[in-house]
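Each chain, letter by letter, is given below.
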Amino acid sequence: MTGRGGVVFVLFGATGSLAARKILPALFNLKLDGQLPEPFVLLGLGRRPLDDGVLAAHYREAVGRHSRRGEPAQADWDAFAVALRYLSFDVQEPQDYARLAELLESQARAWNTLPDVVFYLAVPPSLFATAVQYLAAQGLHRERARVRVVVEKPLGYDLESFLAINAELCRHFHEGQIFRIDHFLGKETVQNVLALRFANPIFEPIWNRNYVDHVAITVAEREGIGERGGYYERTGALRDMVQNHLIQLLCLTAMEPPVSYAPEEIRSRKMDVMNALRRIEPHTIHQVAARGQYRGGWLGGDRVQAYREEQDVAPGSHTETFAAVRAFVDNWRWQGVPFYLRSGKRLAADLSEIAIRFRSVPHCFFPGCVGLNAAPAQLVVRIKPDQGVRLHFAAKEPGYCMCLKPVQMRFNYREAFGTDVPAAYETLLRDLMEGDPTLFMRADQVEAAWRWLMPLVDFWTHNPPPDFPNYNPGSWGPEAADLLVAADGRAWLSPGEVG
Ligand SMILES: NC(=O)c1ccc[n+]([C@@H]2O[C@H](COP(=O)([O-])OP(=O)(O)OC[C@H]3O[C@@H](n4cnc5c(N)ncnc54)[C@H](OP(=O)(O)O)[C@@H]3O)[C@@H](O)[C@H]2O)c1
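Anyway, here's the lowdown on the structure attached to this text. (Residues numbered from 1 in each chain as written. Predicted model: local features only at pLDDT ≥ 70, side-chain atom pairs only at ≥ 80, totals over all residues. Heavy atoms only, no water.)

## Quick look at the overall build of the protein chain
Part 1: Of regular secondary structure, the protein chain possesses 14 helices and 16 strands.
Part 2: For the protein chain, whose C-alpha radius of gyration is 24 Å, the value lies close to the compact-globule estimate of 23 Å for 499 residues.
Part 3: The 499 residues of the protein chain split such that 54% are buried.
Part 4: By sequence separation, contacts in the protein chain at least 24 residues apart represent 78% of the contacts at least 6 residues apart.
Part 5: Carbon and sulfur atoms provide 53% of the accessible area of the protein chain, an area that totals close to 21,700 Å².
Part 6: In the protein chain, the 54 positive side-chain charges and the 58 negative ones have mean positions that sit 3 Å from each other. (Helix = DSSP H or I, 4+ residues; strand = E, 2+ residues; numbered from the N terminus. Rg over C-alpha atoms; globule rule 2.2 N^0.38 Å. Buried < 20%, exposed > 50% of the residue type's maximum accessible area, 1.4 Å probe, protein only. Contact = heavy atoms within 4.5 Å. Areas by Shrake-Rupley, 256 points an atom, 1.4 Å probe, with all protein chains shown as cover. Lys, Arg positive; Asp, Glu negative; His and termini not counted. Charge placed at Lys NZ, Arg CZ, Asp CG, Glu CD.)

So this is what it looks like as structure tokens:
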């Protein structure tokens, strides 16, 4: 870690759930891995009156519960906890920013150097504009090379609200200072898509319309919405997952080879994919998208509630808990190859993967080859539950007859490298403190994602679903999603293939 003049990590929303579940476990693990810059201070901001000790005790408990490494050793924790400070602070109170500015100055004096400063806005998005405005009023946005601001999804509720939030961010901060997190991009296997495609000469020649029949990207969760009903009611699967995570996966899968590993080069190649996405026409919505909402029922021996019975959800809610979309990338490489995206809650498995299905063989001369084309070769990049890559292909079954069976070759990160994979937030926070924006979303890409999805967002908003709730917990979503791909003569991954 270079760490230049050290880092002051100013965490707005220090007492919130994101801080406890993701940010603190990630920072602590970076410390254990020797990846935290030196010197380092975390300055936690929240409205409630706390002192440094209470904050540290809260974080110790949070790290024990949420870190991939479990309960921290006392000596390790003590070495980390000396860097934790708390400042009682109201985002909407301009005078509090003057106190913050003083603290930052005194920290720089104490270190006798100008540290990098990260303003991490882990507060409700409705406060982003106020925060950046008051930071700028104190001059805390200056020093482009040293000061960064971080925002989390949801980046807007639709195109208009994204543009409004973004305009406010860009009014005060330079694009190079704004780090928009999509935590999927920090996952090891997601980055491995680039390595797989561009560090191995064997895949790229077949990574196109001549060999690929279709691509299926799935982000499925067994969980329901839990206590997040208030948030989810306004969001739904399309905005919560497709607009960001699934589109990011699509871009990495479909992008052209970058010329270098430079951040802007990679981000621009992803943007090329966005520019090539075929527009969703309102009159074609039924052919390109399907939505669903889960019923109550049984899942793994437990009785689970219907979405409409969850806390803070309207009894007649129209919010979708499942969304599937068929996309086309209209360029030389991908013309005519469908990219099926689907994401949902209360599905059959916790599973995230990108499946590249190859075309069937043009002529099958084997005896007993029935079924070969029903299970054609596919390359699956698995993000969850295990991280790795699988190649599914046909092999001869042992025995006297020439019979074919689908088999797999597997690469699993943990087995191959014998080490735990860093959590996505660890990778992202390290890059953030290094000032490397490669794995963060650029404004034009977020805007393009909203522009692409808006016809669907508008259609679903103005045309209530006639059949909600329409899928059972533990299923793979509504029948409409099956029909979406069946209309093309294809099928989704079936539950029996998950393993
Ligand atoms: N939780 C997640 O896993 C997750 C995932 C993706 C994105 N996000 C995004 O991350 C952000 C934070 O989410 P969260 O789940 O952590 O929310 P949360 O649990 O409700 O916490 C909100 C935090 O904001 C602080 N806050 C609220 N109003 C404030 C004000 N006027 N001045 C100062 N602090 C204020 C709260 O502190 P006090 O109560 O002490 O004032 C609290 O620390 C949101 O933008 C959310 O959309 C969260």
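## Regarding the sheet that holds strand β13 (residues 351–358)
Part 1: Spatial ordering of the open sheet is given by β8-β11-β12-β7-β13-β14-β15-β16, a layout of eight strands whose pairing is mixed. Two strands lie at the open edges of the sheet, namely β8 (289–292) and β16 (404–412), each paired on one side alone. Pairwise comparison of adjacent strand axes, ignoring direction, gives a mean angle of 15 degrees for this sheet.
Part 2: Where strand β11 (residues 322–328) and strand β12 (residues 338–344) come together, seven bridges link them in antiparallel fashion. (Pairing = 2+ DSSP bridges. Axes fitted to C-alpha atoms, helices over the stretch in contact; angles between N-to-C directions.)

## With respect to the environment of M274
Part 1: Along the chain, the position of M274 falls in helix α9 (residues 263–276).
Part 2: Taking the C-alpha atoms as reference, M274 lies 9.8 Å from A254; in sequence the two are 20 residues apart.
Part 3: Discounting residues that sit within four places of it in the chain, M274 has contacts with I247, C251, Q445, A448 and A449.

## Thoughts on the nonpolar core
A general feature of soluble globular proteins is that nonpolar side chains tend to end up buried together.
Part 1: Judged by nonpolar contacts, the single largest core of 155 residues is most densely connected at F9, L11, F12, L27, L100, F119 and Y120.
Part 2: Counting residues per element, this core draws most heavily on helix α8 (residues 229–254), which supplies 12 residues.
Part 3: Setting aside anything within four residues of it in sequence, one finds Y120 in contact with F9, V10, L11, F12, L18, I23, V150, E152, I181, Y425, L429 and L432. (Core = buried A, V, L, I, M, F, W, Y, C linked by side-chain atoms within 4.5 Å.)

## Thoughts on the pairing of strand β1 (residues 7–12)
Part 1: Among the six residues in β1, six count as buried, and that is most of the element.
Part 2: Neither face of β1 is exposed, since V7, F9 and L11 on one face and V8, V10 and F12 on the opposite face are all buried.
Part 3: Where β1 meets strand β4 (residues 116–121), six bridges bridge the pair, whose relative direction is parallel. Bridge pairing links F12 to L121 in β4.

## Some words on the site of the ligand
Part 1: Near the ligand there are 22 residues, and of these T15, L18, R21, R47 and V123 occur at the shortest range.
Part 2: Between the ligand and G13 there is a distance of 3.3 Å, counted from an oxygen atom to a backbone nitrogen or oxygen.
Part 3: In the environment of the ligand, an oxygen atom lies 2.8 Å from a nitrogen or oxygen atom belonging to the backbone of V123.
Part 4: If the ligand stood free it would expose 890 Å²; the protein chains cover 80% of that surface.
Part 5: Broken down by element, the residue count for the shell around the ligand peaks at three residues, all from helix α1 (residues 17–32).
Part 6: Residues of the shell around the ligand, tallied by class, amount to 10 nonpolar, six polar and six charged. (Near = heavy atom within 4 Å. Polar contact = N/O pair within 3.5 Å; in protein donor to acceptor, adjacent residues only side chain to side chain. Nonpolar A, V, L, I, M, F, W, Y, C, P; charged D, E, K, R; others polar.)

## Digging into the pattern of salt bridges
Part 1: Under the definition given, this model contains 34 salt bridges.
Part 2: A salt bridge links D386 to R382; the nearest nitrogen and oxygen atoms lie 3.1 Å apart.
Part 3: We classify R382 as buried; its relative accessible area is 3%.
Part 4: Overlapping salt bridges, with partners in common, bring together D33, R68, R69, R414, D420 and E426 in one network. (Salt bridge = Lys/Arg side-chain N within 4 Å of Asp/Glu carboxyl O.)

## A word on the packing of α1 against helix α3 (residues 74–81)
Part 1: For the pair α1 and α3, interaxial distance at closest approach is 10 Å and the crossing angle is 105 degrees. The angle between α1 and α3 places the two elements in the roughly perpendicular class. Contacts from L24, L27, F28, K31 and L32 of α1 reach α3 at D76, W77, A79 and F80.
Part 2: Grouping the amino acids of the contact of α1 with α3 by side-chain chemistry returns seven nonpolar, no polar and two charged. (Parallel < 35°, antiparallel > 145°, perpendicular 65-115°, else oblique.)

## Some details on the packing of aromatic side chains
Part 1: Per the counting criterion, the structure on display carries 20 aromatic pairs.
Part 2: Both rings, one in Y413 and one in F417, keep their centres 5.7 Å apart while their planes meet at 35 degrees; by these two values the pair is tilted. One end of the pair is Y413 and the other is F417, both in helix α11 (residues 413–417) and four residues apart, which spans about a single turn.
Part 3: Feature note: the residues F12, F89, Y97, F119 and Y134 constitute an aromatic cluster, connected by ring pairs.
Part 4: Across the ring face of F184, the terminal group of K187 is positioned such that the distance to the ring centre comes to 5.3 Å.
Part 5: Here the basic side chain of R239 rests over the ring of Y157, its NZ or CZ set 3.8 Å away from the ring centre. (Phe/Tyr/Trp six-rings, centres within 6.5 Å; stacked < 30°, edge-to-face > 60°. Lys NZ or Arg CZ within 6 Å of the ring centre and 35° of its normal.)

## Description of the sheet that holds strand β2 (residues 40–46)
Part 1: If you walk across this open sheet you meet the six strands as β3-β2-β1-β4-β5-β6, and the pairing is parallel. With one partner strand each, in any of the chains shown, β3 (84–88) and β6 (178–181) form the two edges of the open sheet. Each strand of the sheet is rotated relative to its neighbour by a mean of 20 degrees, with strand direction disregarded.
Part 2: Each of β1, β2, β3 and β4 is contacted by helix α4 (residues 94–111), which is oriented at about 160 degrees to β1, the strand it contacts most.
Part 3: Along the sheet, helix α12 (residues 424–434) makes contact with β1, β2, β4, β5 (147–152) and β6, crossing β4 at roughly 135 degrees.

## A few points about the state of the cysteines
Part 1: Scanning the model with the defined rule gives zero disulfides in all.
Part 2: The cysteine C170 is free of any disulfide, with C251 supplying the nearest cysteine sulfur at 19 Å.
Part 3: Exposure remark for C170: the relative accessible area of 34% places this residue in the partly exposed category.
Part 4: We classify C251 as buried; its relative accessible area is 0%. (Disulfide = S-S within 2.5 Å.)

Just distances and angles here, no functional claims.
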